[in-house]
Amino acid sequence: MPYFSSLIRVWKKRTASLPVNKEAVLAQILSVLNAELAALTRAAQGAFAAATDPDSKAENKYDTRTLEASYVARGQAQRVAELQQAVQAFTAMSAATQESGTAITLGSLVTLALPAEAAHYFIGPFAGGTEILHEGTEIVVITPASALGQKLLGKRAGESIPLQPGLSAQVTTIQ
């Protein structure tokens, strides 16, 4: 077992600041969002059909199936609209790599050095929490509205950010 843990540490050091193809990362994020949008659109259409089906009339005054189906359809339609907006925003983003010494902004691909490993984040306009696996590296989309996004904006490579009391991370690369 100690053999494997030493290999994992070596691997994590090697992958701590891998040069990542930002264009490919952006394309992969768009692919995930488009797949989610397609699945949710089908679900929203099904919910709309259930809510407007003439056979789903209330059988008595306590039957709320149609009302509940309409709430589900409305919620799914709102989520579809949000995902469409996210897809449009990510499509409009530039995949250009930032120059050395620039500060973290919207569209930055950031690597943080944590005490035990490296973490990779893409600062996106929407879809916070979306995770992709790019060439064996996990990259998480965060938004400027998130707590971590707020701490990262404006930072430069080499600067540290506090994560919690007694724990900080250092910005190692910005693309």
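For the structure itself, consult the block above.
Presented here is a report on the structure given in the accompanying data block. (Residues numbered from 1 in each chain as written. Predicted model: local features only at pLDDT ≥ 70, side-chain atom pairs only at ≥ 80, totals over all residues. Heavy atoms only, no water.)

All right, on to the packing of aromatic side chains then. Taken as a whole and judged by the stated rule, the model has one aromatic pair. When the centroid spacing of 6.1 Å and the interplanar angle of 35 degrees are considered together, the rings of Phe90 and Phe122 count as tilted. Within this pair, whereas Phe90 is found in helix H3 (residues 65-92), its partner Phe122 is found in strand E2 (residues 118-123), the two being separated by 32 residues in sequence. (Phe/Tyr/Trp six-rings, centres within 6.5 Å; stacked < 30°, edge-to-face > 60°. Helix = DSSP H or I, 4+ residues; strand = E, 2+ residues; numbered from the N terminus.)

The next point concerns the packing of helix H2 (residues 22-52) against H3. Close contact between H2 and H3 brings their axes to 8 Å; oriented N to C, the two are set at 160 degrees. Between H2 and H3, the angle falls in the class roughly antiparallel. Note on packing geometry: the crossing formed by H2 with H3 is left-handed. Counted by class, the contact of H2 with H3 contains 21 nonpolar, seven polar and two charged residues. (Axes fitted to C-alpha atoms, helices over the stretch in contact; angles between N-to-C directions. Parallel < 35°, antiparallel > 145°, perpendicular 65-115°, else oblique. Left-handed = near helix turned anticlockwise from the far one by under 90°. Nonpolar A, V, L, I, M, F, W, Y, C, P; charged D, E, K, R; others polar.)

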